[in-house]
Amino acid sequence: MSIIALIVAAGRGERAGQPGPKQYARLAGETVLARSIHALAISKRIDAILCVIHADDRALYDEAIKEVPQRLRKKLRTPVIGGTTRQQSVMAGLEALAETDCETVLIHDAARPFLSKKLIERVVDAVPTTGAAIPALPMTDTIKELDAAGTIAKTPDRAQLRAVQTPQAFTFKLILGAHRAMVDRETTDDASLIEALGGRVMPVEGERDNIKLTTPEDFAVAELKLTETISAMGYDVHAFGDGDHVTLAGVKIPHTRGILAHSDGDVILHALCDAIFGAIGAGDIGQHFPPSDPQWKDAPSSTFVAHAIKLLKEQGGALVNCDVTLLAEEPRIGKHREAMIESLATMTGLKKERIGLKATTTEKLGAIGRGEGLVAQVLCTLRLPRER
Ligand code: CTP
Ligand code: MG
């Protein structure tokens, strides 16, 4: 006899403001659904997991589950297709389990990726008492009930109120019977079907962290929770040589000299790459694009930036800002500043307000002061996933 987690993931997430269904949105680089699957699969109590998905989402589902470690992915059954309401989706999942050895089922919203192992244990352990156990939290706000006119009708006693969550755990036969008996009755959770049939539901302690991602604000808060702020810097120097222009931040600037370099010699973009590589522990630009490699001859440095940003994204990271200081007697960049900022914004995906661009001479001191070359320093702030 087994304990199976049923994850309902067939909704459209219309309130969440994400580009697609919210369960496939990424939080710190990982989809919400993969996080929910992971959180359930990692519990020794859970023998198998069945996801209920939307008919249009099979490709998204197949992509998302690749994020779940192989050893945990083994617990996944072939997903089933849900319905137009949450209740119909749960029903589809329960019917798919009807002929299996499922003894206890945990019904969980894909949109709650933050449940802990302890919570799973609490609901599973409480099932034998009445056949139904749900996570519940005392209210911190006072709750009011409205009348037909939309004014306050009354104030229920807060001590008697609970906010409930998923996973809700049930004896399989009990909840399947309740769903079958109550197909015409709309509810937002499964325990209420048991209540309506006169059954008893045990509350166990819920978790404040176990939020249901519903609005764009929920996503913003969750992203902050899962990531931390990192700073990293990059530095690059190139000497002047023959030529009629220098390339800085991807912008070609006419000059009486050129840059001695294998690529286009864009010190700003090279320093930017090194800052990003530094933040993710990915070595330096020379390791990724060796100057000895002929394929990078005269290469536009925007290629290097695109690569650095791709690696950053693969790690679930994102740039917050980038602040550039150019040290050079010549050329003066004033006229080109706007174009350079535009160019950096396009390459990094940052808003222009998050890009700093300053230039200074070195008061004729040292090699830069003698006009032998130029230097760029870039300081970046980034958000990167915390350790799981
Ligand atoms: N759900 C489902 N099938 C539906 C509706 C909802 O499987 N027809 C799932 C959602 O995918 C979600 C959970 O039920 O994991 C809780 O529902 P909710 O938070 O309301 O998600 P959505 O219905 O997707 O969002 P919205 O109501 O904002 O459109
Ligand atoms: Mg909904």
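Refer to the structure above for everything that follows.
The sections below set out a description of the structure shown in this document.

Parameters at a glance
- Residues numbered from 1 in each chain as written.
- Chains lettered and ligands numbered in written order.
- Predicted model: local features only at pLDDT ≥ 70, side-chain atom pairs only at ≥ 80, totals over all residues.
- Heavy atoms only, no water.
- Near = heavy atom within 4 Å.
- Polar contact = N/O pair within 3.5 Å; in protein donor to acceptor, adjacent residues only side chain to side chain.
- Areas by Shrake-Rupley, 256 points an atom, 1.4 Å probe, with all protein chains shown as cover.
- Helix = DSSP H or I, 4+ residues; strand = E, 2+ residues; numbered from the N terminus.
- Nonpolar A, V, L, I, M, F, W, Y, C, P; charged D, E, K, R; others polar.
- Core = buried A, V, L, I, M, F, W, Y, C linked by side-chain atoms within 4.5 Å.
- Buried < 20%, exposed > 50% of the residue type's maximum accessible area, 1.4 Å probe, protein only.
- Contact = heavy atoms within 4.5 Å.
- Pairing = 2+ DSSP bridges.
- Axes fitted to C-alpha atoms, helices over the stretch in contact; angles between N-to-C directions.
- Salt bridge = Lys/Arg side-chain N within 4 Å of Asp/Glu carboxyl O.

1. A word on the site of ligand 1
(1) Moving on: Taken together, 19 residues are adjacent to ligand 1, and Gly13, Glu14, Arg15, Ser89 and Lys212 come closest.
(2) Moving on: At 2.8 Å, a backbone N or O of valine 8 approaches an oxygen atom of ligand 1.
(3) Moving on: The protein chains hide 88% of the 560 Å² of surface that ligand 1 would expose on its own.
(4) Moving on: Elements represented by at least two residues in the shell around ligand 1 include exactly strand 1 (2-9) and helix 4 (86-97).
(5) Moving on: Classifying every residue of the shell around ligand 1 by side-chain character gives 5 nonpolar, 7 polar and 7 charged.

2. Considerations on the nonpolar core
(1) Moving on: Membership of the largest hydrophobic core comes to 49 residues, with the highest contact counts inside it found for Leu248, Ile268, Leu272, Leu326 and Met340.
(2) Moving on: For this core, the element with the most residues is helix 9 (residues 267-279), which contributes 10 residues.
(3) Moving on: Those residues in contact with methionine 340 that lie beyond four places of it in its chain are Leu248, Ala249, Val251, Ile253, Ile268, Ile333 and Leu357.
(4) Moving on: Tyr24, Ala34, Ala39 and Ala110 belong to the second-largest nonpolar core, a separate cluster that totals 33 residues.

3. With respect to the sheet that holds strand 18 (residues 355-360)
(1) Moving on: Taken in spatial order, the 5 strands line up as 16-13-19-17-18 in an open sheet, and their pairing is mixed. The open sheet has two free edges, formed respectively by strand 16 (258-259) and strand 18, since each of these has just one partner strand.
(2) Moving on: Both strand 17 (residues 318-327) and strand 18 contribute to a ladder of 6 bridges, which runs parallel. Its bridge partner lying in strand 18, leucine 326 is registered against alanine 359.
(3) Moving on: Helix-sheet contacts for helix 9 involve strand 13 (227-241), strand 17, strand 18 and strand 19 (373-385), and the interaxial angle to strand 13 is about 150°.
(4) Moving on: Running at roughly 140° to strand 18, helix 12 (residues 337-348) makes contact with strand 17 and strand 18 of the sheet.

4. Structural notes on the pattern of salt bridges
(1) Moving on: With the rule as written, the count across this model stands at 19 salt bridges.
(2) Moving on: Note that arginine 180 is salt-bridged to glutamate 95, the shortest N-O span being 2.7 Å. Separated by 85 residues along the polypeptide, arginine 180 in helix 6 (residues 172-181) and glutamate 95 in helix 4 bring together distant segments of the chain.
(3) Moving on: Taking the shortest distance from any N to any O, the salt bridge between arginine 112 and aspartate 109 comes out at 3.8 Å. Comparing arginine 112 with aspartate 109, the two get one shared label, buried.
(4) Moving on: Connected via shared salt-bridge partners are Arg86, Asp109, Arg112 and Asp190.

5. Describing helix 1 (residues 32-41)
(1) Moving on: Extensive coverage of helix 1 is indicated by the burial of 10 of its 10 residues.
(2) Moving on: Taken together, the buried positions of helix 1 are occupied by Val32, Leu33, Ala34, Arg35, Ser36, Ile37, His38, Ala39, Leu40 and Ala41.

6. As for the pairing of strand 19
(1) Moving on: In terms of strand pairing, strand 13 meets strand 19 through 13 bridges, oriented antiparallel. Counted as the bridge partner of alanine 239 is glycine 373 from strand 19.
(2) Moving on: Bridging between strand 17 and strand 19 involves 9 bridges; their strand directions are antiparallel. Its bridge partner being in strand 19, alanine 318 is matched across the sheet by arginine 383.

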